[in-house]
Amino acid sequence: MERTSESNEDVIMKPVTFEQLKACQLSNWYPKFRSLNNSSNPTSNAEQYPNNNVTIRSIIIPSLPEKFIEYLKSDTVILPKGAKEVSSLLPTDADGGWSSDEDNQNSDSSEEAHFPELNCQIQNAIDKLGPCMPKLNWSAPKDVTWLNESTLKCGTVGDVYLLLKSSDFCMFDLEHALDDIDMSSCRDCSTNSLDANPSLEYELILRKWSNLHSSMEFRCFVANHELVGICQRNHTQHYPHLKREYMEMRALVMDFFIIYILENFADKLVADYVFDVYVDKNERVWLIDFNLWSTRTDGLMFTWKELVKFADESDEDQANDDLGVINIDNTRPNMRVVMNENEIHSDPLASYRAPIDAVDLASDQAGSQTFKEFMAMCARPSELDSDE
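Residues numbered from 1 in each chain as written. Predicted model: local features only at pLDDT ≥ 70, side-chain atom pairs only at ≥ 80, totals over all residues. Heavy atoms only, no water.

Caption draft 1: Structural detail: the overall build of the protein chain. Check the secondary structure of the protein chain and you find 11 helices and 10 strands. Each of the 388 residues in the protein chain was classed as buried or not, and the buried ones make up 47%. Taking the intrachain contacts of the protein chain between residues at least 6 apart in sequence as the baseline, contacts between residues at least 24 apart amount to 74%. Just so you have it, the protein chain exposes about 20200 Å², and 48% of that area is on carbon and sulfur atoms. (Helix = DSSP H or I, 4+ residues; strand = E, 2+ residues; numbered from the N terminus. Buried < 20%, exposed > 50% of the residue type's maximum accessible area, 1.4 Å probe, protein only. Contact = heavy atoms within 4.5 Å. Areas by Shrake-Rupley, 256 points an atom, 1.4 Å probe, with all protein chains shown as cover.)

Caption draft 2: Up close: the pairing of strand β5 (residues 204-208). The buried count for β5 comes to 4 of 5 residues, which makes it a mostly enclosed element. Of the pairings in the sheet, the one linking strand β2 (residues 58-61) to β5 comprises 4 bridges and is antiparallel in character. If you follow I59 over to β5, its bridge partner there is L206. (Pairing = 2+ DSSP bridges.)

Caption draft 3: Spatial organisation of the environment of I12. The topology assignment puts I12 in the segment before β1 (16-17). Note on I12: relative accessible area 73%, which makes it exposed. In sequence terms I12 and K305 are 293 residues apart; their C-alpha atoms lie 8.2 Å from each other.

Caption draft 4: Region of interest: the side chain of D173. Structurally, D173 is set in helix α6 (residues 168-176). Residue D173 is classed as buried on the basis of its relative accessible area, which comes to 2%. Setting aside residues no more than four positions away along its own chain, D173 makes contact with L136, N137, W138, S139 and Y202.

Caption draft 5: Expanded view of helix α5 (residues 157-166). Counted residue by residue, α5 has 9 buried out of 10 residues, so it is predominantly covered. Those residues of α5 lying buried are V157, G158, D159, V160, Y161, L162, L163, L164 and K165. On its buried face, α5 sits against α3 (66-73), α4 (116-129), β3 (132-135), α6 and β5.

Caption draft 6: A look at unusual backbone geometry. In this structure, the amide linkage connecting R332 to the following residue, P333, adopts the cis form with an omega of 0°. Mapped onto the elements, P333 comes out in the loop between α8 (304-322) and β10 (334-336). A positive phi angle, near 65°, is found at D180, a position not held by glycine. Relative to the elements of secondary structure, D180 occurs in the loop between α6 and β4 (181-182). Even without being glycine, H225 reaches a positive phi, approximately 65°. Of note, H225 is situated in the loop between β6 (217-223) and β7 (226-232). Exposure remark for H225: the relative accessible area of 23% places this residue in the partly exposed category.

So this is what it looks like as structure tokens:
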């Protein structure tokens with residue numbers, strides 16, 4: 001779940017409920033969309049769903065240990081024991097990777113984090129999936145891909161830990177997931193205390209690595225069960241073919257929404273939400289993720305003021321439908337792509353880029369050893385730490 005860079009001070013929206021938050025958690029929607037025609041799916045119909053599977057293969061590791069959550073929140077930059085190999089520092093002619101142990105012989109090993117069971121679970125997932133993309137309940141560590149050769153692709157347990165440990169996006173899941181969430185209708189909350197919050201069970205999701213072409217990713221906005229907006233996912237680039245094909249993409253996404261999403265997401269109990277899709281070279285649409293209908297989700301090529309207006313229009317049309325009045329001017333969903341170079345948007349992840357000196361060191365073969373020394377230096381206790 002990506003935080004928007006847009007100013008939303010004047011946007012008035014319905015509060016997000018705890019049920020909506022839970023519905024967007026991957027473990028709550030993945031099983032259904034991975035096996036739509038399964039007999040355990042109450043809405044399953046072999047004729048209704050031409051594709052049984054419409055999302056990327058994933059492995060969910062539930063109930064992350066509390067000590068691991070504490071480790072992610074801590075200030076240490078040392079990778080846990082048994083997870084020292086990092087792909088970005090693996091030599092091309094050897095299997096061994098750089099380890100922070102090499103330059104921390106004097107560190108107190110009794111304080112070193114160690115999660116042997118979780119290490120095995122992650123390694124087993126990598127063995128089954130191949131390279132994978134990690135995320136927590138809602139957010140992927142897209143803000144720190146500069147640490148991993150500008151990709152979420154993880155080939156070692158250390159890669160997974162490094163990205164999760166370094167990510168502000170993942171930290172948001174751990175510390176701010178319930179911010180601004182309406183708990184008044186929460187079925188899991190105690191009514192005996194005004195301060196009572198439901199417990200969140202944190203999960204690690206590993207998704208099979210897929211080299212998706214960014215020009216074919218789209219974000220879709222649903223209000224009152226109606227698809228009101230679709231836009232290019234990577235709005236920082238101009239892709240000439242989208243100018244020719246965007247109406248075709250619009251039709252494919254609309255069909256996908258009607259056939260697969262509308263009746264199945266949260267059993268149609270959630271009316272407002274955002275979802276991301278990918279259209280492959282065979283024009284098959286794949287579900288990537290669900291996000292909240294909230295200003296904490298990036299509207300990309302739409303402002304949230306526009307999206308709220310679309311939602312209001314949808315509500316008005318629904319009321320007119322109930323009265324038998326048909327709006328022949330309805331142009332929803334609004335489809336937007338970058339039509340030319342002048343329409344390119346600034347990259348919302350630009351502020352999370354690596355320091356230029358670190359980029360130069362990591363990319364320069366002659367400087368690779370220096371970069372390893374730099375990383376080792378970061379892992380050492382500082383003089384301030386030792387004084388404390």
